[in-house]
Amino acid sequence: DAKTTQPTSMDCAEGRAANLPCNHSTISGNEYVYWYRQIHSQGPQYIIHGLKNNETNEMASLIITEDRKSSTLILPHATLRDTAVYYCIVRQINAGGTSYGKLTFGQGTILTVHP
Amino acid sequence: DVKVTQSSRYLVKRTGEKVFLECVQDMDHENMFWYRQDPGLGLRLIYFSYDVKMKEKGDIPEGYSVSREKKERFSLILESASTNQTSMYLCASSGTGGSYEQYFGPGTRLTVT
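A. Structural context of the interface of chain B and chain A. With 24 residues of chain B at the contact, the number on the chain A side is 22 residues. Note on chain B versus chain A: buried area summed over both sides is about 1,800 Å², and carbon and sulfur give 55% of it. Applying the counting rule to chain B against chain A returns zero salt bridges. For the pair chain B and chain A, the number of links is four residue pairs in polar contact (both at pLDDT 80 or more). Listing elements by their share of the side of chain B that touches chain A, those giving two or more residues are strand S4 (31–38) and strand S5 (42–51) of chain B. Here the side of chain B that touches chain A takes five residues from S5 of chain B, the largest share from any one element. Split into classes, the residues belonging to the side of chain B that touches chain A amount to 11 nonpolar, nine polar and four charged.

Written out as structure tokens, the structure is:
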């Protein structure tokens, strides 16, 4: 699976949009971009994923550049409860064999939302 | 909603003890995973299972074994606990269709003294 690079930490004011970048310059054609977050003392939580088109769900939007080498997770109106570590993960969905379920977590971005 | 439960939130064991960590999911998922999480090292995959009685080693299987006798239950076993196995242990499950997103349990914080 391709490696990802994220900033170590970011700050955001409550009510403003939080834009979390991720670089994945070695991504291959059959690899998806996934985002998870982990609130303190809890297990990671799935947010969103995408292949090449922008995606939106009730939690966030995912913008993937046309060359797919980077992406941005957008939390449109950040709240204090969005303070967490956000992980960008690239992986194949249908790699064959039994490895398709594996996730490789990096260090993630610590997002702190301020009042 | 998918629910993944883990048998204990906190556990304290002595060096050399045999430790069982249990994980149960209620979504009929085929895949189940055990990770450990340590400061500065992130989440690391210990073992995963893609079917009953099937298992594969993850990135750090040494010192651990697993058991999956029923689809909904995946156990992590520390045959002889050591202090370097003090960690947060996270269980996850996922289906085999769609996007394969993983659903995590709340974690078990294990301390080995």
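B. Quick look at the pattern of salt bridges. Residue and element names in this part refer to chain B. Tallied over the entire structure, the rule returns eight salt bridges over all chains. Across the pair Glu69 and Lys53 runs a salt bridge whose closest N-O atoms are separated by 2.4 Å. Highlighted residues: Glu69 in strand S7 (residues 65–70) and Lys53 in the loop between S5 and strand S6 (54–57), separated in sequence by 16 residues. Each member of the pair, Glu69 as well as Lys53, carries the same accessibility label: exposed. Salt bridges here are not isolated pairs; linked through shared partners, they connect Asp28, Glu30 and Lys71.

C. Representation of unusual backbone geometry. Of note, Arg68 of chain A is a non-glycine position whose phi angle comes to about 65°, a positive value. Residue placement: Arg68 of chain A occurs in the loop between strand S6 (61–64) and strand S7 (70–75). Its identity as a non-glycine residue notwithstanding, Lys53 of chain B has a phi of 65°, on the positive side. On the basis of relative accessible area, Lys53 of chain B is assigned to the exposed category, the value being 58%.

D. Summary view of the sheet that holds strand S3 (residues 19–25) of chain B. Residue and element names in this part refer to chain B. The strand order across the open sheet built from four strands is S1-S3-S8-S7, with neighbouring strands paired in antiparallel fashion. Each having just a single partner strand, strand S1 (4–6) and S7 make up the two edges of the open sheet. Adjacent strand axes in the sheet meet at a mean angle of 20°, parallel and antiparallel pairs treated alike. Inspection of the sheet shows S3 paired to strand S8 (residues 73–78) by six bridges, in the antiparallel sense. Note on S8: the bridge partner recorded for Leu21 is Leu76.

E. The arrangement of the packing of aromatic side chains in detail. Applying the stated rule across the entire model yields 11 aromatic pairs over all chains. Seen from their ring centres, Phe33 of chain B and Phe48 of chain B are 5.9 Å apart, and the 20° between their planes marks the pair as stacked. Of this pair, Phe33 of chain B sits in strand S4 while Phe48 of chain B is found in strand S5, placing the two residues 15 residues apart along the sequence. Phe48 of chain B shares its class with Phe33 of chain B; the two are buried. Taken together through their ring pairs, the aromatic side chains of Tyr34, Tyr36, Tyr46, Tyr87 and Phe105 of chain A together with Phe33, Tyr35, Phe48 and Phe104 of chain B make up a single cluster. The side chain of Arg91 of chain A reaches across the aromatic face of Tyr34 of chain A, ending 4.8 Å from its centre.

F. Geometry of the state of the cysteines. Tallying each qualifying case throughout the model produces two disulfides over all chains. Between the sulfur atoms of Cys22 of chain A and its disulfide partner Cys88 of chain A the distance amounts to 2.1 Å. With the S-S dihedral at roughly -80°, the linkage between Cys22 of chain A and Cys88 of chain A falls on the left-handed side. Pair noted here: Cys22 of chain A is in strand S2 (residues 18–23) and Cys88 of chain A is in strand S8 (residues 84–92), with a separation of 66 residues, a long-range link. Residue Cys88 of chain A is classed as buried on the basis of its relative accessible area, which comes to 1%. Residue Cys23 of chain B pairs covalently with Cys91 of chain B via a disulfide, S to S 1.8 Å. Across the disulfide from Cys23 of chain B to Cys91 of chain B, rotation about the S-S bond amounts to roughly -75°, and the bridge is consequently left-handed. Residue Cys23 of chain B is located in strand S3, and its partner Cys91 of chain B is located in strand S9 (residues 87–94); the two are separated by 68 residues in the primary sequence.

What counts, and where the lines are drawn
- The numbering scheme is per chain: residues are counted from 1 as the chain's sequence reads.
- Following the order in which they are written, the chains are lettered starting with A and the ligands numbered starting with 1.
- Given that this is a predicted model, residues contribute local features only at a pLDDT of at least 70 and side-chain atom pairs are listed and counted only at 80 or more, while totals for whole chains, interfaces and linings are drawn from all residues.
- Here the side-chain values reflect all heavy atoms present in the structure, with hydrogen atoms and water set aside.
- Any two residues whose heavy atoms approach within 4.5 Å at even a single point are treated as in contact.
- Two parts lose some accessible area (1.4 Å probe) when they are put together, and adding that loss for both gives the buried area.
- Throughout this description, the term salt bridge denotes a Lys or Arg side-chain nitrogen within 4 Å of a carboxyl oxygen of Asp or Glu.
- Between N or O atoms, a polar contact is any pair within 3.5 Å; within protein, one atom must be a potential hydrogen donor and the other a potential acceptor, and residues adjacent in sequence are included only when both atoms are from side chains.
- Where helices and strands are cited, they refer to DSSP runs of H or I of at least four residues and of E of at least two residues respectively, numbered from the N terminus.
- The residue classification treats Ala, Val, Leu, Ile, Met, Phe, Trp, Tyr, Cys and Pro as nonpolar and Asp, Glu, Lys and Arg as charged. All others, Gly included, are polar.
- A 1.4 Å probe rolled over the protein chains alone gives each residue an accessible area, and that area as a share of the maximum for its type sets the label: buried under 20%, exposed over 50%, partly exposed in between.
- By the convention used here, strands pair only if DSSP detects at least 2 bridges between them.
- Fitted lines through C-alpha atoms serve as axes, helices being fitted only where they are in contact, and the angles separating the N-to-C directions of these axes extend from 0 to 180 degrees.
- Side-chain rings of Phe, Tyr and Trp (the six-membered ring for Trp) are treated as a pair once their centres are within 6.5 Å; stacked means planes under 30 degrees apart, edge-to-face means over 60, and tilted covers the remaining angles.
- The criterion for a charge sitting over a ring is simple: Lys NZ or Arg CZ within 6 Å of the ring centre, and within 35 degrees of the ring normal.
- Throughout, disulfides are identified as pairs of cysteine sulfur atoms within 2.5 Å of each other.

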